[in-house]
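Chain and residue survey
Each chain, written out:
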Amino acid sequence: MNWLQDYFNLRLVSEYADVFAEGIWQTLWISAVCLALSLIFGTLLALARMSKNPLLWRPVAGYIQFIRATPLLVQIYLVYYGLPTIMPSGMLFDEVQSGIIALTLHTSPYMGEIIRAGIGSVARGQIEGALSVGMTPRQTMRHITLPQAIANVMPPLLGQTAVLIKDTSLLSIIAVFELLGAGLLMFSETVVATESYVTVAICYLAIYAMMLVLSGIVQNRLGGSAWQAN
Amino acid sequence: MEWITDKWDIVVQLYPFLLKGLWLTFQISIIAILIGSTIGFVLGVAKTTGFRLLNGVINLYLHLLRGSPYLVQLYIVYFVLPATGIAWLSFDSYMAAIVSLSLYTSSYVTEIVAAAINAVPKGQAEAARSVGMTRAQTYRHIVVPQALKLTIPPMASIYVIVIKSTAVLSVIGISELTRQGEVAIMRMPGDIMFIYSLIAVFYFIYCYPMLRLSKWAEGRFGTTGGGDT
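So, how was this worked out
- Residues numbered from 1 in each chain as written.
- Chains lettered and ligands numbered in written order.
- Predicted model: local features only at pLDDT ≥ 70, side-chain atom pairs only at ≥ 80, totals over all residues.
- Heavy atoms only, no water.
- Helix = DSSP H or I, 4+ residues; strand = E, 2+ residues; numbered from the N terminus.
- Buried < 20%, exposed > 50% of the residue type's maximum accessible area, 1.4 Å probe, protein only.
- Contact = heavy atoms within 4.5 Å.
- Buried area = accessible area lost by both parts, 1.4 Å probe.
- Salt bridge = Lys/Arg side-chain N within 4 Å of Asp/Glu carboxyl O.
- Polar contact = N/O pair within 3.5 Å; in protein donor to acceptor, adjacent residues only side chain to side chain.
- Nonpolar A, V, L, I, M, F, W, Y, C, P; charged D, E, K, R; others polar.
- Phe/Tyr/Trp six-rings, centres within 6.5 Å; stacked < 30°, edge-to-face > 60°.
- UniProt positions renumbered as here; feature names shortened; annotations may be inferred.
- Patch = residues over 30% accessible without salt bridge, like charges linked within 9 Å, V, L, I, M, F, W, Y side chains within 5 Å.
- Areas by Shrake-Rupley, 256 points an atom, 1.4 Å probe, with all protein chains shown as cover.
- Expected span 1.5 Å × (residues − 1).

Notes on the overall build of chain A
Regarding its fold elements, chain A presents 12 helices and 0 strands. Scanning chain A from its N terminus toward the C terminus, one meets helices and strands in the order α-α-α-α-α-α-α-α-α-α-α-α. With respect to the principal axes defined by its C-alpha atoms, chain A has extents near 70 × 50 × 25 Å. In chain A, buried positions account for 47% of the 230 residues. Look at the contacts in chain A between residues 6 or more apart in sequence, and 73% of them connect residues 24 or more apart.

Next up, the structure:
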C-alpha cells in the first residue's frame, strides 16, 4: 500500500476525520431544512401558479423564471450581501441562515414545477369523484390530489433533492462550514490538495450513492405512473 | 426621481465592465458546450451499442460527474490534477475552467443522447437492417438523425445549466460576469443589492431566450425526459 500513500495520504486524512464528519453532518442538516422548506414553499408556488387569478399567477410565474434564469451563486450573494443593505438595521442573518434562505428561494420553484406536473398527472376522475361525494375543493386538494401528485413525481423530487445536496457546496463560498468547507479547512492547514479535495468528492459520492439506494427503495414501495415512464 | 438618476449613473458607469464579463461568460460557456456536447455525443452513442464493459465504464464516468458538486470538480481539476506532477495536467485557470465545465456538460449530454437513441422506435433500425444496411450504416443514416431531433428540447435546458455554472468560475479568479460584479462592488460598496441585481438581469438576458427555446422545442419536437434540473 506504500505506492498509494504517495498519492493519497490516508494517515493525514484520518487526522481530519472528525472535521469531515462535522462537515457531512452540516451538509446533511442544511439540506434537510432546505428540502422541508422548499417542499412547503414549492407546493404553495405550484398552487399559486395554477390559480386563475392573473394577479396571483403572473408574479409567481415571473419569480419562477427569474430563479431559473439566474445562477445560484448570484442569488446567494443577493441574499447574503445584498439583503442586509436594504433591511432595517438589527435584522441580520448569519451565514447559515442566509444560505438556507437563498437555497430555499432557489429550490422552491424547481420543486413547485415538479409538484405542478404531478398535480396535472392526477386522473381527472379522481378529483371529480372526490367532489361528487361532497368534499370541498380544498379537501379534495389536500386528501386526494396532492398525495397522488407527490407519489407520481417522487423520482424527479428525489433527483432535485440530490441537486439540492450538491448545491449546498456553494455555501462554502460565503464561509458556511459544510462538507466542502471541511476540505477547504484541511487544504488551508496542510496545503495538500489531493487529500483535501478528493476526500470531499468521495464524501459527496457516498451521499449520492445513499440517495440512489433510497430512490430504489421508494421505487419498490410506490409504483407511481412516473416510474413506468422511465 | 433622484433615486433613478442615481442608479442610472451606476448603470452607465458599470455596463462596459459588465458587458466585458458577459462576453467572457458567453465565450467560456460556448466553448464548454461545444466540447462537452462532442464528448457527450460520442459517449451517448457508445452507451447504446450494447457492450457491457464499455457501458460500465461510461456509467461510472456519469456517476462520478453527477454525484459530486461542480464546485468540487472545479477544485479537483484546478488544484488536484496539477499536484499529480504530470506536465500537461497543470492547467491555468482558463484551461481548468474549460476542462471541468466541458466534462460536467458531457455528463448531461451523454444521458440525453443515449435516451434519445433509445427512444427511436426499434422498427426503424430493424427495417434498415432488413434492407441490407450494416449496423454502422443503420446508426449513421437512420437512428442518429432521428435521435438528434429529440435531443433539442432537453439540450437547451442543459445549456442554461452550463451558463449558470460559469458563475462559479469567479472563485478561481476568472473575470466573467459575476467576478466583474464583485470588482464593481469593491469600487462602489454602497450599492451591493443594486449591482448584484444588475448582474442577475444580465444572466437573465442570456438564459431566458434559451429557456424559451427549450419550451418551444418541446412543443415542436416532443420530449424525451432529461430535462431541467
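What about the interface of chain A and chain B?
Chain A puts 37 residues into the contact, and the matching count from chain B is 34 residues. The junction of chain A with chain B conceals about 3200 Å² of combined surface from both sides, 77% of it contributed by carbon and sulfur atoms. Inspection of the region where chain A meets chain B yields 0 salt bridges. Where chain A touches chain B, the interface holds 5 residue pairs in polar contact (both at pLDDT 80 or more). Elements that contribute at least two residues to the side of chain A that touches chain B include exactly α4 (54-68), α5 (72-86), α9 (154-167), α10 (179-190) and α11 (193-221) of chain A. Residues belonging to the side of chain A that touches chain B are distributed by class as follows: 27 nonpolar, 8 polar and 2 charged.

Describing the pattern of salt bridges
Residue and element names in this part refer to chain A. Under the defined criterion, the tally for this structure stands at 6 salt bridges over all chains. Close ionic contact of Glu128 with Arg124 constitutes a salt bridge, the shortest N to O distance being 3.7 Å. Of this pair, Glu128 and Arg124 both sit in helix α7 (residues 124-132), 4 residues apart, which is roughly one turn of that helix. Assessed through its relative accessible area of 45%, Glu128 is described here as partly exposed.

With respect to the packing of aromatic side chains
Applying the stated criterion across every chain yields a total of 15 aromatic pairs over all chains. Here Trp23 of chain B and Phe26 of chain B contribute two aromatic rings whose centre-to-centre distance is 5.7 Å and whose plane-to-plane angle is 20°, an arrangement assigned as stacked. Of this pair, Trp23 of chain B and Phe26 of chain B both sit in helix α1 (residues 2-47), 3 residues apart, which is roughly one turn of that helix. An aromatic cluster of three or more residues is present, and its members are Phe187 and Tyr197 of chain A together with Tyr75, Tyr78 and Phe79 of chain B.

A word on the UniProt feature "transmembrane region" (unreviewed entry) in chain B
The sites that carry the UniProt feature "transmembrane region" (unreviewed entry) are, in the present numbering, residues 22-46, 67-88, 94-120, 156-174 and 194-211 of chain B. Helix makes up 100% of residues 194-211 of chain B and strand 0%, whereas the separation of the span's terminal C-alpha atoms amounts to 25 Å.

Examining the side chain of Thr105 of chain B
Residues and elements named next belong to chain B. Topologically, Thr105 is positioned in helix α4 (residues 93-119). Thr105 gets classed as buried once you look at its relative accessible area, which sits at 0%. Setting aside its immediate chain neighbours within four residues, Thr105 contacts Ala32, Ile33, Gly36 and Val162.

What to know about the UniProt feature "transmembrane region" (unreviewed entry) in chain A
Residues and elements named next belong to chain A. In the numbering adopted here, UniProt assigns the feature "transmembrane region" (unreviewed entry) to residues 28-48, 163-185 and 197-218. Helix makes up 52% of residues 163-185 and strand 0%, and the two end C-alpha atoms of the span are 24 Å apart. Note that residues 197-218 is 100% helix and 0% strand, and that its end C-alpha atoms are spaced 32 Å apart.

Section: unusual backbone geometry
Residues and elements named next belong to chain A. Of note, Ala175 is a non-glycine position whose phi angle comes to about 65°, a positive value. Along the chain, Ala175 turns up in the loop between α9 and α10. Although it is not a glycine, Val191 adopts a positive phi angle of roughly 60°. Residue classification places Val191 among the exposed residues on the basis of a relative accessible area of 60%.

Concerning the UniProt feature "domain: ABC transmembrane type-1" (unreviewed entry) in chain B
Residues annotated in UniProt with the feature "domain: ABC transmembrane type-1" (unreviewed entry) correspond here to residues 22-205 of chain B. Helix makes up 80% of residues 22-205 of chain B and strand 0%. Its end C-alpha atoms lie 10 Å apart.

Considering a nonpolar patch on the surface
Together, Trp23, Phe26, Ile30, Ile31, Leu34 and Ile35 of chain B line one region of the surface with nonpolar side chains, adding up to about 540 Å² of accessible area. Structurally, the position occupied by Ile35 of chain B is in helix α1.

Digging into the side chain of Ser37 of chain B
Residue and element names in this part refer to chain B. Structurally, Ser37 can be placed in helix α1. A polar atom in the side chain of Ser37 sits 2.6 Å from the backbone oxygen of Ile33. Those residues within four positions of Ser37 in sequence are excluded, and the remaining contacts are Ala32, Val109 and Tyr159.

Regarding helix α2 (residues 52-67) of chain B
One turn of the α-helix equals 3.6 residues, which is why residues spaced by three or four share an orientation. An ideal rise of 1.5 Å per residue puts 22 Å on 16 residues; α2 of chain B measures up with 22 Å between its terminal C-alpha atoms. The set of residues buried in α2 of chain B consists of Ile58, Leu62, Leu65, Arg66 and Gly67 of chain B. Packed against the buried residues of α2 of chain B are α9 and α11 of chain A together with α1, α3 (70-83) and α4 of chain B.

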